[in-house]
Amino acid sequence: IDAAFISYSFGDKNEISAFYSFGDKRDDNAYSETGDYQIRMKTHTDVLDLAIHYTEATRNQKDYEGLISGAVSSVEEATIPVRWKLLASEISSKIGKVGVHAEGGHAWGRFDKETEQKAYSSFLVGVDYAFKNELYLILEYYHDGRGKTSPDKYSLNDRAAYLSNERSTISRDNIFLGAKYPIADMTSV
């Protein structure tokens, strides 16, 4: 993707950055004439890091149910470009030796000029800790406002969007637990 990035630091602990990607062919071969962009402000204090950003991006969604039912006759017709807008913030700090972090945002998107805007909010909170023997543990809770509360409510489009990497999860409430331990200079388990 052809893009431009600029960043300016002011004071000792503040930064503003901007990113713009020119209209380009995406991985799924859909052409976007409207570039994606993000404006981000970040500050660091002695206690915590804070950031806020605004992003606009076009991402495609596919109507797999329409393809199977015959309502849509081709993959091109089933590909729906969505212009998403996202306002988000993040915070990270340490309490003793335990790292804490949170991020959240509200996104709204429009499929086309006639379609009603869709909106959802998501947030993540987590803690992490590194032991002296370099064992690293992380625990996170992620709430996705688009997600469903039960597998019985998952649609074919939900499942296919997850499998094709259009979405990171299809459930509403998610808990992640991770561990990492170095076993050699360049290798970790």
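Residues numbered from 1 in each chain as written. Predicted model: local features only at pLDDT ≥ 70, side-chain atom pairs only at ≥ 80, totals over all residues. Heavy atoms only, no water.

1. Section: the overall build of the protein chain
- When helices and strands are counted, the protein chain shows three helices and eleven strands.
- For the protein chain, the succession of helices and strands along the chain, N to C, is β-β-β-β-α-α-β-β-β-β-α-β-β-β.
- Dimensions of the protein chain, computed from C-alpha atoms along their principal axes, come out at roughly 60 × 40 × 35 Å.
- Contacts spanning at least 24 positions in sequence make up 42% of the contacts within the protein chain whose residues lie at least 6 apart. (Helix = DSSP H or I, 4+ residues; strand = E, 2+ residues; numbered from the N terminus. Contact = heavy atoms within 4.5 Å.)

2. Quick notes on the nonpolar core
- Judged by nonpolar contacts, Val82, Trp84, Ala107, Phe111 and Tyr120 together constitute the single largest core of five residues.
- If near-sequence neighbours (up to four positions away) are discounted, Ala107 is found in contact with Trp84, Lys85, Leu86, Lys118, Ala119 and Tyr120. (Core = buried A, V, L, I, M, F, W, Y, C linked by side-chain atoms within 4.5 Å. Buried < 20%, exposed > 50% of the residue type's maximum accessible area, 1.4 Å probe, protein only.)

3. A closer look at a nonpolar patch on the surface
- A contiguous nonpolar surface patch, about 640 Å² in accessible area, is contributed by Tyr8, Phe10, Ile16, Ile39, Met41, Ile52 and Leu87.
- Of all elements in the fold, only strand E1 (3-10) and strand E3 (36-44) reach the threshold of two or more residues within the nonpolar patch. (Patch = residues over 30% accessible without salt bridge, like charges linked within 9 Å, V, L, I, M, F, W, Y side chains within 5 Å. Areas by Shrake-Rupley, 256 points an atom, 1.4 Å probe, with all protein chains shown as cover. Salt bridge = Lys/Arg side-chain N within 4 Å of Asp/Glu carboxyl O.)

4. Overview of the pairing of strand E6 (residues 98-110)
- Two strands pair when backbone bridges link them, and strand E5 (residues 79-95) and E6 are joined in this way by 13 bridges, in the antiparallel orientation. Note that in E6 the partner of Ser89 across the bridge is Gly104.
- Between E5 and E6, which pair antiparallel in sequence order, lie two residues; one of them, Gly96, sits at a positive phi of approximately 65 degrees. (Pairing = 2+ DSSP bridges.)

5. Things to note about the sheet that holds E5
- The nine strands lie next to each other as E1-E2-E3-E4-E5-E6-E7-E8-E9, forming an open sheet whose pairing is antiparallel. Both outer strands of the open sheet, E1 and strand E9 (173-180), are each paired with one neighbouring strand and no more. Ignoring which end each strand starts from, the neighbouring axes of this sheet average 15 degrees apart.
- In this sheet, strand E8 (residues 136-144) lies alongside strand E7 (residues 118-130) in antiparallel orientation, the contact comprising nine bridges. Within the sheet, the bridge partner assigned to Gly126 lies in E8 and is Glu140. (Axes fitted to C-alpha atoms, helices over the stretch in contact; angles between N-to-C directions.)

6. A word on the environment of Arg110
- Residue position: Arg110 is located in strand E6.
- For Arg110, a relative accessible area of 35% translates into the label partly exposed.
- Once the C-alpha coordinates of Arg110 and Trp84 are considered, the two residues, 26 residues apart in sequence, prove to be 6.8 Å apart.

7. Regarding the pairing of strand E2 (residues 14-21)
- Where E1 lies against E2, eight bridges are found, and the strand directions are antiparallel. Each residue of the ladder has a partner; that of Ala3, found in E2, is Ser21.
- Between the antiparallel neighbours E1 and E2 lie three residues, among them Gly11 with a positive phi of about 65 degrees.
- Summarising the sheet, E2 and E3 pair through eight bridges and their orientation is antiparallel.

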